[in-house]
Amino acid sequence: MLEAHNFPGSLLLELAKEFIGAIKEGSLTNGKSLELLPIILTALVANKENLDYEKGELSGEECKKQLINTLCSSRWDQQYVIQLTSMFKDVPLTAEEVEFVVEKVLRMFSKLNLQEIPPLVYQLLVLSSKGNRRRALEGIITFFNELDKHHNEEQSGDELLDLVTVPSGELRHVEGTIILHIVFAIKLDCELGRELLKHLKAGQQGDFSNNICPFSIALLLSVTRIQRFEEQVFDLLKASVVKSFKDLQLLQGSKFLQNLVPHRSCVSTMILEVVKNSVHSWDHVTQGLVELGFILMDSYGPKKILDGKTIETSSGLSKIPNQHACKLGANILLETFKIHEVIRQEILEQVLNRVVTRASSPISHFLDLLSNIIMYAPLVLQSCSSKITETFDYLSFLPLQTVQGLLKAVQPLLKVSMSVRDSLILVLRKAMFASQLGARKSAVAGFLLLLKNFKVLGSLSSSQCSQPLGVSQVHVDVHSHYSSVANETFCLEIMDSLRRCLGQQADVRLMLYEGFYDVLRRNSQLANSIMQTLLSQLKQFYEPEPDVLPPLKLEACILTQGDQISLQEPLDHLLCCVQHCLVWYKGRVMPLQQEEEEEEFYQDLEDMLESITRRMIKSELEDFELDKSADFSQSTGVGIKNNICASLVMGICEVLIEYNFSISNFSKNKFEEILNLFMCYKKLSDILNEKAGKGKTKMANKMDSFWSMKFVSDLLTALFRDSTQSHEESLSVLRSSNEFMRHAVSVALQKVQQLKETGHVSGPDGQNPEKVFQNLCDITRVLLWRYTSIPTSVEDLGKKERGKNISLLCLEGLQKIFSAVQQFYQPKIHHFLRALDVTDSEGEEVDSSVSHRAAVWIRQFQRSLLNLLSSQEEDFNSKEALLLVTVLSNLSRLLEPSSPQFVQMLSWTSKICKENNQEDASFCKGLLNLLFSLHVLYKSPVILLRDLSQDIHGHLGDIDQDVEVEKTDHFALVNLRTAAPTVCLLVLSQAEKVLEEVDWLITKLKGQVSQEIVSDEASSQATIPNQPIEKAIIIQLGTLLTFFHELVQTALPSGSCVDVLLKDLCKMYTILTALVRYYLQVCQSSGGIPKNMEKLVKLSGSHLTPLCYSFISYIQNKKSQSLKCAGEKKGKAAAVATAVARVLRETKPIPNLIFAIEQYEKFLIHLSKKSKVNLMQHMKLSTSRDFKIKGNILDMVLREDEDDDHEEGTASEHEGQNKEPAKKKRKKEMKCLS
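Definitions and limits used
- Residues numbered from 1 in each chain as written.
- Predicted model: local features only at pLDDT ≥ 70, side-chain atom pairs only at ≥ 80, totals over all residues.
- Heavy atoms only, no water.
- Helix = DSSP H or I, 4+ residues; strand = E, 2+ residues; numbered from the N terminus.
- Buried < 20%, exposed > 50% of the residue type's maximum accessible area, 1.4 Å probe, protein only.
- Contact = heavy atoms within 4.5 Å.
- Areas by Shrake-Rupley, 256 points an atom, 1.4 Å probe, with all protein chains shown as cover.
- Axes fitted to C-alpha atoms, helices over the stretch in contact; angles between N-to-C directions.
- Left-handed = near helix turned anticlockwise from the far one by under 90°.
- Nonpolar A, V, L, I, M, F, W, Y, C, P; charged D, E, K, R; others polar.
- Parallel < 35°, antiparallel > 145°, perpendicular 65-115°, else oblique.
- Phe/Tyr/Trp six-rings, centres within 6.5 Å; stacked < 30°, edge-to-face > 60°.
- Lys NZ or Arg CZ within 6 Å of the ring centre and 35° of its normal.
- Patch = residues over 30% accessible without salt bridge, like charges linked within 9 Å, V, L, I, M, F, W, Y side chains within 5 Å.
- Salt bridge = Lys/Arg side-chain N within 4 Å of Asp/Glu carboxyl O.
- Expected span 1.5 Å × (residues − 1).
- Pairing = 2+ DSSP bridges.
- pLDDT = per-residue confidence, 0-100.
- Arc of directions from axis to C-beta.
- Core = buried A, V, L, I, M, F, W, Y, C linked by side-chain atoms within 4.5 Å.

Per an unreviewed UniProt entry, the protein is named Fanconi anemia group I protein isoform X2, and its organism is Zalophus californianus.

**Observations regarding the overall build of the protein**
For the protein, the helix and strand inventory stands at 50 helices and four strands. When burial is assessed residue by residue, the protein has 53% of its 1234 residues classed as buried. Pairs at least 24 residues apart make up 76% of the contacts formed inside the protein by residues separated by at least 6 positions. For the protein, the accessible surface area stands at approximately 55900 Å², while carbon and sulfur atoms represent 52% of it.

**Considering the packing of helix α39 (residues 900–915) against helix α40 (residues 921–935)**
In the contact formed by α39 and α40, the axes pass within 10 Å of each other and the chain directions differ by 145°. Here α39 runs over α40; the crossing is left-handed. Contacts between α39 and α40 involve Phe902, Met905, Leu906, Thr909, Ser910, Ile912 and Cys913 on the former and, on the latter, Leu927, Leu928, Leu930, Leu931, Leu934 and His935. By residue class, the composition of the contact of α39 with α40 is ten nonpolar, three polar and no charged.

**Some details on the packing of helix α5 (residues 95–108) against helix α7 (residues 133–156)**
At a minimum axis distance of 10 Å, the contact between α5 and α7 shows a crossing angle of 10°. Regarding the angle of α5 to α7, the classification is roughly parallel. On the side of α5, the interface is formed by Val102, Glu103 and Leu106, while α7 contributes Arg135, Ala136, Gly139 and Ile140.

**Focus: the packing of aromatic side chains**
This structure, assessed with the given rule, holds 23 aromatic pairs. On the basis of an interplanar angle of 65° and a centroid distance of 6.4 Å, the ring pair of Phe661 and Phe666 is categorised as edge-to-face. Overall, the relative accessible area of 11% leaves Phe661 in the buried class. Centre to centre, the rings of Phe661 and Phe711 are 5.3 Å apart; their planes meet at 65°, and the pair counts as edge-to-face. Taken together, the residues span a long stretch of sequence, with Phe661 in helix α27 (residues 637–664) and Phe711 in helix α30 (residues 709–721) at a distance of 50 residues. Across the pair, Phe711 and Phe661 agree in class, each one buried. Three or more aromatic residues joined by ring pairs make a cluster, and in this case those are Phe661, Phe666, Phe671, Phe678, Tyr681, Trp707, Phe711 and Phe740. Cation over ring: Arg228 sits above Phe229, and NZ or CZ is 5.9 Å from the ring centre.

**Points about a nonpolar patch on the surface**
Where nonpolar side chains cluster on the molecular surface, the patch consists of Tyr122, Phe184 and Leu188 and spans about 330 Å² of accessible area. Tracing the backbone through its elements, the reader meets Tyr122 in helix α6 (residues 117–128). The class for Tyr122 is partly exposed, based on a relative accessible area of 34%.

**Considering helix α32 (residues 738–758)**
When the terminal C-alpha atoms of α32 are compared, their 30 Å separation across 21 residues agrees well with the 30 Å that a helix rising 1.5 Å per residue should span. Looking at the residues trailing α32, positive phi occurs at Gly759, about 90°.

**Considerations on the environment of Glu349**
Turning to its location among the elements, Glu349 is positioned in helix α16 (residues 344–357). Of the residues examined, Glu349 reaches a relative accessible area of 32% and is grouped as partly exposed.

**With respect to the pairing of strand β4 (residues 564–567)**
By the bridge criterion, four bridges tie strand β3 (residues 558–561) to β4 in an arrangement that is antiparallel. Residue pairing for β4: Thr560 is matched across the bridge by Ile565. Taken together, β3 and the strand that follows it, β4, pair antiparallel across an intervening segment of two residues, in which Gly562 is found at a positive phi of about 60°.

**Topic: the environment of Lys683**
Here Lys683 is to be found in helix α28 (residues 668–692). The class for Lys683 is partly exposed, based on a relative accessible area of 45%.

**Things to note about the pattern of salt bridges**
Taken as a whole and assessed by the stated rule, the structure comprises 41 salt bridges. Glu96 is the partner of Lys65 in a salt bridge, and the nearest nitrogen-oxygen pair spans 3.5 Å. In this pair, Lys65 is assigned in helix α3 (residues 60–73) and Glu96 in helix α5, connecting sequence segments 31 residues apart. Note on Lys65: relative accessible area 35%, which makes it partly exposed. Close ionic contact of Glu335 with Lys338 constitutes a salt bridge, the shortest N to O distance being 3.7 Å. Within this pair, Glu335 and its partner Lys338 are both found in helix α15 (residues 321–339), separated by three residues, close to a single helical turn.

**Side note on the confidence of the model for the protein**
Per-residue confidence for the protein gives a mean pLDDT of 83, with 86% of residues at or over 70. Confidence over residues 160–164 falls short of pLDDT 50; this stretch has two contacts with residues more than four positions distant or in other chains. Low pLDDT (under 50) marks residues 312–318, which in the prediction has 15 contacts with non-local residues, meaning those over four places away or in another chain.

**Some details on helix α18 (residues 385–392)**
Ser385, Lys387, Ile388, Thr391 and Phe392 are the residues of α18 that are buried. What you see down the axis of α18 is that its buried residues fit within an arc of 155°, all on one side. Turning to α18, the residues buried within the fold contact α16, α17 (364–376), α19 (400–416) and α20 (418–432).

**Describing the nonpolar core**
One recurring pattern in soluble globular proteins: nonpolar side chains tend to sit buried together. Counting 388 residues, the largest nonpolar core has Phe88 and Phe861 as the members making the most contacts within it. Examining the composition of this core, we find that 17 residues originate from one element, helix α45 (residues 1056–1086), more than from any other. Not counting residues up to four positions away in its chain, the partners in contact with Phe88 are Ile68, Leu71, Cys72, Trp76, Leu93, Val101, Leu127 and Lys130.

The structure is reproduced here in structure tokens:
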């Protein structure tokens, strides 16, 4: 065949036909002969003579084309597909022929066995280097996407049907091989990589479920090993993840979109599927997965905000897409860690590096990940323990919060690895004597954590301690007798180290006092050691003589070094720790002891607290040198000292109140003592507030209360809900003081606020979410009862004393609690609502839904709001009304949008808005916000917006003073006081959200169209599924157009309303332009534009554009008048300058709006030409199109030239601008309002 090029053309043609006939009939013996076909075809192309082919004469090139056509349209035998594909790489092909061959090969995929596909893909990729790369890649991805879908359906389907076509492992291995082939091909041919990225980016715009699938994600992750594509691929994946979460958020928040767009699987589930599939030796994917995980965590983790706090919410309410993306990164890393041993060391190393090096930025997400990794396999991590011990060396340089998080995370490992534990203790001992205060605090935190988690033999079990072992759910510590004894020695050694801290700074002591109670509860055998330590410490500051007042040496707690005065001993915290430990010891340990065993320290401490209480009540403020005449200024040494003393005395009073209540057993004497202690506290706090002055924040409110959450809940229950006969007399002592009850409720508020800000509360059990939740339920129950049974109005009638109304405080507390529970306890909402239901007996109504339970309380608050609204105008309490609306908003989030309770809530809110004419702006805003938040989950709020805009127009009047506007009365809530700026700004922000949704839909449609054009399937059927979406878009825009039509004619006050309206109009025109451009794209394939689109264009031309121009003239007239007024104030150069600056600022959006209108009209002209429909007939050119700055007029105003003629000329010019639209408007006015 070497001489083939010398053969006559007719012979070559004969030979080629012979081959093709054999292929058609499937009569090839082994396919070896196929190697000759390319030689024949190449010779045929080179042949210059015309040949007889079937019924005409064709050149060699055309003959080859016909032969390839015949070959591709005939049936290929399964066993020769690979050889045939391989053969084509040696045939000279035109672009059209390549496309033909590629399509044929892609169609053959489904006919082959799975094992035959990788070599075929390899040949196809070689062939695609001749052209048509994108189609080849698209075909491969689509084929495997479909295969995966079928496979998943089979796996999740009926397992009895043994029809699973492909075992999972085999499919994954084949996919892995193909991914390697493609990556290899991309290394050799960069164009292929670029086409892959282009194809997947295009899919991002429209309905990406066709392009982005587990297979394509795995492929992308493998491509990251090629350096030149690495950054682009990660950017693409990052963008896809965030876009997918944003889309999800948009869909969840709008019923309008949910009805139009089916819910698809999220990119995050696909990525996690890739992690799962990578177990089938996809080593080329794992590195990319790890990098992606870290990129997501680094880019979207919590960010530092101004005051150094981070914004953190628990997984319950990670509503924001960024938080979802960060969580996804952590999940990818955790799952990869579980599956791939090879990569474990690297993941652990990277997490620890970030913990150590990013001390200044929030790293809680990395600590959570570390904790999950260690929790998953503490034994496995023993091999990587060197990394962890290395990290311990940096402990003394890390911030305290990081140290606590890190030690908590590695704690399960300490139980299985002695070497890690020993190295930690060494580091902590060193840190104990470091010169930096931070290092010493870290050491104390570390030692306390160790004491909590290494149990000594004979300690009460966790269940007796009434708390599960927090982080250490890993019960790997098989405690033999030996290890418990070892633990005891180890714990007592630590206690020795900690005792030394009691001579250090106040901050270090404070940490000890806060930690001892937890240690005692977890490790009751250390009670002796701890209580002795506390006793000896307290004795240093205690006056043993029973008659000496005051009973504590406050002077000794304060350290004076030259001018510096600081707190040396936080005595209030010490006392707090003593009382908690004592009460716990009395309740838990003593009942288990024999009579003779009673420890002497117990009696000593009890006597001391008794004596301190007695003498504190006897002490006057003068005894502490803290009476009204004392100096409390922060600038003098004496003032600072007095402030410190005052806060110590107040703290001690609070601690003693809690102690006496807990041991009181409802004795009347104890309650009288409590009240006396409270009076001492109150006097001091009043003096401090008075001295702090009105300008500054009140001192007493700044201090965290010492009361524990449990005590607050017990106290409130006793004060408001205890109706036991025997307690009646003693409780009446406390109930007689309104001040005391108010203080109890305010402390509850303070605790909930603390929970909202930090996720936990101070005091014992404050870090234990279970306990906090339980207390929260109890407190809510009491506050609910108190608010609903004694309304604020009733309470106000009885008393005219100063201070907040208790019922109002209860309501404020409820509002804070409902939002905190949704933030931190989302999964437990059902339990929370059940706990509130006092009537609910165990047996009945167990199955009632969250919506049902929430609705019960919603009705309760609705009644309260109705009562408030029906009260006299002067009795209307706007603060209470606003709180009620916020509570209702919080509770309405618990309703399922499809439930009847939700519809009831919506109609009730709507009714209130329609019938109540309140002039309070903040209440109006709250209520309308509630209405909109409910409405969007039910259907689109455009009709609502239109009605509200008509009301605003009616109340504020028209820009043309000659026009009489007929008042509509859809919503009584809209009145002269609230219409602008409150309601106006609110409806504009809602309109902006609707515009965003429409914009999102148009972008989606455009993406689909461009995909269809690429896939060459631009047939008329392809656009039919989009018709409902197109129709919905046009209806939304049409209604919004009438909404803007009203507002543009309204005489809005200058300022924010006008600014926002101009910006929104600009957005409206931009989106109209986007829709016109979409129709430019689809115009040919769908055969013209729909009739309702023509109507929309007509409406915009008649009802909006001309009015926009007259509105602009109206604004400019107002501005020129304000400039004139500023100019008339003689000699005030500064006033003129600010007026000019304000005018320039406020007229800034005008050119943007004009540009947007002109862009819209420009594309309409294009669309008119393309669709052969004259869309411009409704567009009238405006008379004022020149927006030059008229320098002469500006100069004239600024120089105050009284040139009357010139000014009249200007005025008449403005009138000319105004005249035309004004006339039109009057006609339309009648039409619109009729």
